[in-house]
Amino acid sequence: MNVTRGFTGRPRVTDPGLPPGQYDARDEWPVLSAEVTPDLAPADWSFRVDGLVERPRTWGWEEARALPASVYEGDIHCVTGWSKFGVRFGGVSLDAFLDAVRPDPAATHAVAYSHTGYTTNLPLADLTGGRAWIAREFDGEPLSPEHGGPARLLVPHLYFWKSAKWIAGITLLDHDEPGFWEANGYHERGNPWEEQRYSGD
């Protein structure tokens, strides 16, 4: 696991915009990864949606960029305690990809997986309705590799381990299937406002 200096030991500040147990990271964006950062060029990146869908499909970098652009402006929260206010990510709403593949009505959950093999599970409802993005930019610049570039999943209303770096695809299922951290004791959903950090929270 890779962790940037200054990742822990910060004072907790009472702020109505902070979920319980979080601190304001301000100008920092700590790096936390379960794996080594891959050397993944945009030309080698691809994204697939399959499973319980009518038309499974894979997009290359330029095909994904050709979809309508969408922006997220708001906050992000990490399970380790930091929150970052007023961030701006650019990319494509996940709804655009899902509309193209036509999810089966039986689909209730998804497993997101990375080019590195990392996985995380989510209820499908947390990925639809303008709640999730395939992000390729941060603050107007290309997303850096250590933060998941060339593209990452962005699900900002959940703890950030759900926003899989180096996203490669999403498989839709009719049941919940734990991902990497969920199988190792983390919460199945990860709502920051309910402090759903670990199994049983």
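As the structure is a computational prediction, the values presented were derived from the model and not from experiment.

**Here's the deal with the environment of Arg197**
- By the secondary structure assignment, Arg197 is in the segment after strand S13 (167–173).
- Sequence-wise, Arg197 and Cys78 are 119 residues apart; in three dimensions their C-alpha atoms are separated by 9.5 Å.
- In this structure the side chain of Arg197 is engaged in a polar contact, spanning 3.1 Å, whose partner is the backbone oxygen of Pro20.

**Notes on the sheet that holds strand S8 (residues 109–114)**
- What the 5 strands build is an open sheet, ordered S5-S4-S13-S8-S9; its pairing is mixed. Because the sheet does not close on itself, it has two edges, and the strands there are strand S5 (57–60) and strand S9 (119–123). Here the strands of the sheet are splayed against their neighbours by 15 degrees on average, with no regard to which way each runs.
- For strand S4 (residues 46–51) and S5, the ladder comprises 4 bridges, and the chain directions are antiparallel. Directly across from Val49, in S5, lies its bridge partner Arg57.

**Brief notes about the confidence of the model for the protein**
- Chain-level pLDDT for the protein is 91 on average; 93% of the residues reach the 70-or-more range.
- Confidence drops under a pLDDT of 50 for residues 1–13, and excluding neighbours within four residues, the segment shows 30 contacts in the predicted structure.

**What to know about the pattern of salt bridges**
- If you walk through the whole model with that rule in mind, you get 8 salt bridges.
- Of the charged contacts, one joins Arg102 and Glu54 as a salt bridge, the two residues approaching to 3.2 Å between their closest N and O atoms. Of this pair, Arg102 sits in the loop between helix H2 (94–101) and S8 while Glu54 sits in the loop between S4 and S5, and the two are 48 residues apart along the sequence.
- Arg102 gets classed as partly exposed once you look at its relative accessible area, which sits at 42%.
- What you see here is one network of salt bridges that share partners, running through Asp126, Arg131 and Arg189.

**Quick look at the packing of aromatic side chains**
- Tallied over the entire structure, the rule returns 16 aromatic pairs.
- Each ring, one from Tyr186 and one from Tyr198, has its centre 5.3 Å from the other, and the planes form 75 degrees; the classification is edge-to-face. Residue Tyr186 is located in the segment after S13, and its partner Tyr198 is located in the segment after S13; the two are separated by 12 residues in the primary sequence.
- One aromatic cluster is present, built from ring pairs that chain together Tyr118, Tyr159, Trp161, Phe180, Trp181, Tyr186 and Tyr198.

**Describing unusual backbone geometry**
- Here the residue pair Gly149 and Pro150 is connected by a cis peptide bond, since its omega of 15 degrees sits within 30 degrees of zero.
- Within the secondary structure layout, Pro150 lies in the loop between strand S11 (141–142) and strand S12 (152–154).
- The phi torsion at Arg102 lies on the positive side, around 60 degrees, for a residue other than glycine.

**Remarks on the pairing of strand S10 (residues 133–138)**
- Counting buried positions along S10 gives 5 out of 6 residues, so the element sits mostly inside the fold.
- The pairing of strand S7 (residues 82–93) with S10 spans 5 bridges and is antiparallel. Each bridged residue has a counterpart across the sheet, and for Val92 the counterpart in S10 is Ile134.
- The pairing of S10 with S12 spans 3 bridges and is classified as antiparallel. What sits directly across from Trp133, in S12, is Leu154.
- Pairing analysis gives 2 bridges linking S10 to S11, with the strands arranged antiparallel. Within the sheet, the bridge partner assigned to Phe138 lies in S11 and is Glu141.
- Between S10 and S11, which pair antiparallel one after the other, the connecting turn spans 2 residues, and Asp139 there sits at a positive phi close to 55 degrees.

Definitions and cut-offs
- Counting starts from 1 at the beginning of each chain's written sequence and moves along it residue by residue.
- Residue-level local features of this predicted model are given only where pLDDT is at least 70; pairs of side-chain atoms are given and counted only at 80 or more, and the full residue set underlies all totals for whole chains, interfaces and linings.
- Note that the side-chain values use all heavy atoms of the structure and ignore hydrogens as well as water.
- In this text, helices come from DSSP runs of H or I with a minimum length of four residues, and strands from runs of E with a minimum of two, each type numbered from the N-terminal end.
- By the criterion applied in these results, polar contacts are pairs of N or O atoms within 3.5 Å in which, for protein atoms, one can donate a hydrogen and the other can accept it, and in which residues neighboring in sequence qualify only through two side-chain atoms.
- DSSP-based pairing: two strands are paired if at least 2 bridges between them are found.
- Every axis corresponds to a line fitted to the C-alpha atoms, with the helix fit spanning only the stretch in contact, and the corresponding angles, defined between N-to-C directions, vary from 0 to 180 degrees.
- pLDDT expresses, on a scale from 0 to 100, how confident the predictor is about each individual residue.
- Should any heavy atoms of two residues lie within 4.5 Å, those residues are counted as being in contact.
- When a carboxyl oxygen of Asp or Glu lies within 4 Å of a side-chain nitrogen of Lys or Arg, that pair is called a salt bridge.
- Buried, partly exposed and exposed residues are distinguished by accessible area as a fraction of the type maximum, computed with a 1.4 Å probe on protein chains only: under 20%, between the cut-offs, and over 50%, respectively.
- By convention, a stacked pair of Phe, Tyr or Trp rings (six-membered ring in the case of Trp) has centres within 6.5 Å and planes under 30 degrees apart, an edge-to-face pair has planes over 60 apart, and any other such pair is tilted.

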